[in-house]
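So you can see what is in the structure, the chains are spelled out below.
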Amino acid sequence: MSLINIVSALGNNNSIYPLLVRDCGIENLAKCALTYKQNAKESKFIAREATRERIIDEYSTSIIWLGGIPLMEKLMDKFIKKFGLSPKVNLKLFNETESQGINLNIKKFKNIAPEIVSQLEKVKNNKTLYQNLQAAKFFATTAIPIAIMGFVLPKLNFLYTKKKLNKIRSNNAIPFKAQTMDEFMRNTRKDKNLSFCGLEKIANMSQLQKMMILDGGLTVGRVKTGRNKSEKAELAFKMAGMCYLNYLAPKKIEKLLNKLTKTIFGINTDLDVKVLNDKNFIKEIKNQTLLLPKANNEKAIIDFIDNNPDCVFVEQIKNLKLISTLKDGLRDPRCYVETDKIAQFKNAVEEFGKSALKSDNVEQFAKKALRAKSFNTIANVAISSFLLAVMLPRVQFLFRKLITGSNLDPGIKNYAKE
């Protein structure tokens with residue numbers, strides 16, 4: 001992967017790549033180190049146990065969090081294919097409009113993509129079955145990881161700690177104040193089914209959106225499996241902060257950095273670095289030959305894509321994965337076109353073009369924008385990672401001190417005192 005592609009991936013706050021860097025590369029290491037440091041202020045023994053728990057918890061959760069959804073999606077896609085149906089058909093196509101829909105796509109692509117149209121027809125003729133399979137896929141990709149991360153993993157981790165410390169107690173190494181098994185298993189009731197507002201919406205959620213649901217379920221599971229009220233309160237506080245800093249804060253930081261760059265330096269950084277690095281795109285901006293849809297409505301955008309499959313604008317939205325195409329470059333009729341996102345991209349291109357043409361040198365303006373966008377992307381990752389990996393744990397420990405009067409992990413402290 002080239003440097004431009006790496007920066008582009010890190011700058012896309014609607015993808016999992018920034019989360020991957022923050023979670024596995026920075027946050028987990030920092031949290032484990034800070035856990036030891038905080039507990040060691042009062043007990044090195046508990047500090048070691050709390051750190052071991054945190055290492056198991058953070059890295060096991062990360063593996064399931066990042067890998068559970070893709071794995072379950074692949075398994076469910078294979079399951080759907082066993083019924084002779086293509087899992088790529090988007091359920092939104094059943095909501096027919098004047099520009100796209102399952103019947104319209106069948107008619108429009110019948111002669112140019114007969115194999116794909118055959119898949120559409122099979123799904124159309126088995127609508128109820130396909131909807132049920134897609135609903136099952138959604139619940140499999142979310143409910144199973146939630147159950148493992150939120151309920152099974154913490155209980156196994158806590159049980160391991162309890163057995164280990166009970167063994168130490170049997171050797172009279174430390175005095176204990178242990179929980180009973182009844183107390184330990186008290187909050188194990190299954191959570192209610194997740195509610196949803198439309199099958200076509202939940203079936204077509206992105207991996208990032210599903211990960212947000214996983215974190216919501218993880219929060220419920222972790223709070224329910226907390227070993228005492230203090231630990232439950234701290235877990236709720238930590239998970240709320242983590243969800244905000246993972247999903248909302250980076251987008252707010254991105255908007256702020258883009259606004260500052262535009263206000264202070266007069267440089268528009270709304271476009272992705274892959275677009276800014278494309279010489280053909282910059283050349284057509286300079287020569288004012290860049291073809292764009294004439295309007296932002298669905299019909300204008302879809303007609304433009306189908307009639308100009310090889311133009312620079314369409315190539316850009318392909319690269320940004322705003323549309324899906326077949327091997328021959330044809331728009332995939334199984335997929336729904338999110339024209340509102342393409343309209344936003346078109347507006348950003350038009351604004352960038354106006355700013356670039358007002359400058360003395362379009363190429364130099366584009367290079368400055370590329371450097372500024374790259375800097376903003378790295379700065380965003382650094383700021384959000386610092387907030388998540390350093391500031392959140394520190395605030396969490398202050399919260400712990402406030403409610404417990406101690407620096408010790410409230411779950412493990414319940415087992416022993418020195």
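For clarity, every value in this text was computed on a predicted model and none was experimentally measured. (Residues numbered from 1 in each chain as written. Predicted model: local features only at pLDDT ≥ 70, side-chain atom pairs only at ≥ 80, totals over all residues. Heavy atoms only, no water.)

Chemist: In this structure, what is going on with the nonpolar core? I would like to understand it.
Modeler: One broad trend across soluble globular proteins is that nonpolar side chains are buried collectively. Leu271, Phe281, Ile305, Ile342 and Phe352 are the most contacted members of the largest nonpolar core, which has 33 residues in total. For this core, the elements supplying multiple residues, two or more each, are α11 (273–276), α12 (279–287), α13 (298–307), α14 (312–319), α15 (339–358) and α16 (362–404). With seven residues, α15 is the largest single contributor of residues to this core. Discounting chain neighbours no more than four positions away, the residues touching Phe352 are Asn268, Leu271, Leu276, Phe281, Ile282, Phe365, Ala366 and Ala369. Listed in part, the 21 residues of the second largest apolar core include Leu66, Phe138, Leu214 and Leu218. (Core = buried A, V, L, I, M, F, W, Y, C linked by side-chain atoms within 4.5 Å. Buried < 20%, exposed > 50% of the residue type's maximum accessible area, 1.4 Å probe, protein only. Helix = DSSP H or I, 4+ residues; strand = E, 2+ residues; numbered from the N terminus. Contact = heavy atoms within 4.5 Å.)

Chemist: Before we go on, may I ask you to explain the packing of aromatic side chains in this structure?
Modeler: The geometry of an aromatic ring pair comes down to the distance between the two centres and the angle between the two planes. What the rule picks out here adds up to seven aromatic pairs. Ring geometry for Phe138 and Phe139: centres 5.2 Å apart, planes at 75°, overall edge-to-face. Each member of the aromatic cluster is reached from another via a ring pair, and the members are Phe281, Phe352 and Phe365. Stacked on the ring of Phe158, the Lys or Arg Arg227 has its end atom at 3.7 Å from the ring centre. (Phe/Tyr/Trp six-rings, centres within 6.5 Å; stacked < 30°, edge-to-face > 60°. Lys NZ or Arg CZ within 6 Å of the ring centre and 35° of its normal.)

Chemist: For this particular structure, what's the right way to read unusual backbone geometry?
Modeler: In most cases, non-glycine residues show a negative phi, while peptide bonds are predominantly trans. Phi is positive for Gln288, which is not a glycine, with a value near 55°. In this fold, Gln288 is placed in the loop between α12 and α13. A positive phi angle, close to 60°, is found at Lys321, a residue other than glycine. With respect to the element layout, Lys321 can be found in the loop between α14 and α15. For Lys321, a relative accessible area of 74% corresponds to the exposed category.

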